[in-house]
Amino acid sequence: RRRPLGTLPAQGQDEDRLLGSLTSLSPLALGDDARHLIEAGVDGIHVDIGDGHFVPFLTFGLTLISSLADSVEARIEVHLMVDDPEAWIAEVAKLRVARVWFHLEATRHPWRVASLIRGAGMQAGLAVNAVTPIAVLQTLGRAVDAVNLLGTDHDFRSGDPQLDGMIERVRAARAILGQAIRLEVDGGVDATNAAALVRAGADDLVVGRAICGRPDWTSAVQELRASIAAASNMRTRRGSRGESGST
């Protein structure tokens, strides 16, 4: 019998999370490396599905993701980096993932996409490219369960540095979204910026080479956790005093 995946906590009621990026793992050892990531202490796996059109690369097929979901005890979220995300939702729903990200830039009907994802029993996440103005969240941000700000441009290479201005984008997004919507940052996250991203308002961080590029993945996760825990505590204290975030 297929094991049901754990569900995500209600947004706004969970501690900050680290998610390991499947794209950063060796394609020859995805299952073993995904389990290694979970054992190292990440909270879940972030899976990019690239179609070679919306983004210039192909990544993982649905059969592979289904096998992954059966082999790891972890929360899995799927990032649809594809044209026409509506066409993918019914099949992705069969994978029993917790959250599905779709790109604002890939659809003319974002409200419909969000409704389809929720109707399939998953959380709807809105992904926003690094060049898209944050002001779009004033219209769409509260129509979804979570927002993902991409920190790098679309590229199959892993480990690219985060683009300038991400701290300010996170802070601006948090100001628009309030505290009820979870905010994720995906791309270029490492030990040099994780704490600042959390202080600015990020809840979840997708991490790739900053973990998988290290010889000891457990130590890398522990270092990141210590950094963001301190930043999260500072943000909580500041929020209780009604102050805004800063780097």
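The rules behind each value
- Residues numbered from 1 in each chain as written.
- Predicted model: local features only at pLDDT ≥ 70, side-chain atom pairs only at ≥ 80, totals over all residues.
- Heavy atoms only, no water.
- Helix = DSSP H or I, 4+ residues; strand = E, 2+ residues; numbered from the N terminus.
- Buried < 20%, exposed > 50% of the residue type's maximum accessible area, 1.4 Å probe, protein only.
- Contact = heavy atoms within 4.5 Å.
- Areas by Shrake-Rupley, 256 points an atom, 1.4 Å probe, with all protein chains shown as cover.
- Expected span 1.5 Å × (residues − 1).
- Arc of directions from axis to C-beta.
- pLDDT = per-residue confidence, 0-100.

Engineer: An account of the overall build of the protein is needed here, citing residue identities and associated values.
Structural biologist: The secondary structure content of the protein amounts to nine helices and eight strands. Within the protein, the fraction of its 247 residues that count as buried is 54%. For the protein, long-range pairs separated by at least 24 residues make up 67% of all intrachain contacts whose partners lie at least 6 apart in sequence. For the protein, the exposed surface amounts to about 11000 Å²; the carbon and sulfur share of it is 51%.

Engineer: Tell me what's going on with unusual backbone geometry, and back it up with residues and numbers.
Structural biologist: Excluding glycine, most residues fall at negative phi; most peptide bonds, likewise, are trans. Phi is positive for aspartate 84, close to 55°, though the residue is something other than glycine. On the accessibility criterion, aspartate 84 (42% relative accessible area) is partly exposed.

Engineer: Which residues make up helix 6 (residues 166–177), and what values do they have?
Structural biologist: With twelve residues, helix 6 should reach 16 Å at 1.5 Å per residue; the first-to-last C-alpha distance of 16 Å fits that figure. Among the residues making up helix 6, those that are buried are Met166, Ile167, Arg169, Val170, Ala173, Arg174, Ile176 and Leu177. Buried residues along helix 6 sit against strand 5 (123–128), helix 5 (137–140), strand 6 (146–150), strand 7 (182–186) and helix 7 (194–200). Looking one or two residues beyond helix 6, the residue adopting positive phi is glycine 178, at roughly 75°.

Engineer: Please set out the environment of alanine 172 residue by residue, giving values where relevant.
Structural biologist: Here alanine 172 shows up in helix 6. Residues alanine 172 and isoleucine 134 lie 38 residues apart in sequence; the distance between their C-alpha atoms is 7.2 Å.

Engineer: Can you break down the side chain of glutamate 184 residue by residue, with the values?
Structural biologist: Turning to its location among the elements, glutamate 184 is positioned in strand 7. Residue class for glutamate 184 comes out buried when judged on its relative accessible area of 1%.

Engineer: Please give an account of helix 2 (residues 62–71) that cites residues and values.
Structural biologist: Those residues of helix 2 that fall on the buried side of the exposure criterion are Ile65, Ser66, Leu68 and Ala69. The buried residues of helix 2 occupy an angular sector of 160° when the element is viewed end-on, so they sit on one face. Of the surrounding elements, those touching the buried residues of helix 2 are helix 1 (30–40), strand 2 (44–50) and strand 3 (75–81).

Engineer: Run through the confidence of the model for the protein, naming residues and quoting values.
Structural biologist: Per-residue pLDDT for the protein has a mean of 86; in total, 85% of the residues score no lower than 70. Across residues 1–13 the pLDDT falls below 50, and counting only partners more than four positions away or on other chains, this stretch makes 34 contacts in the model.

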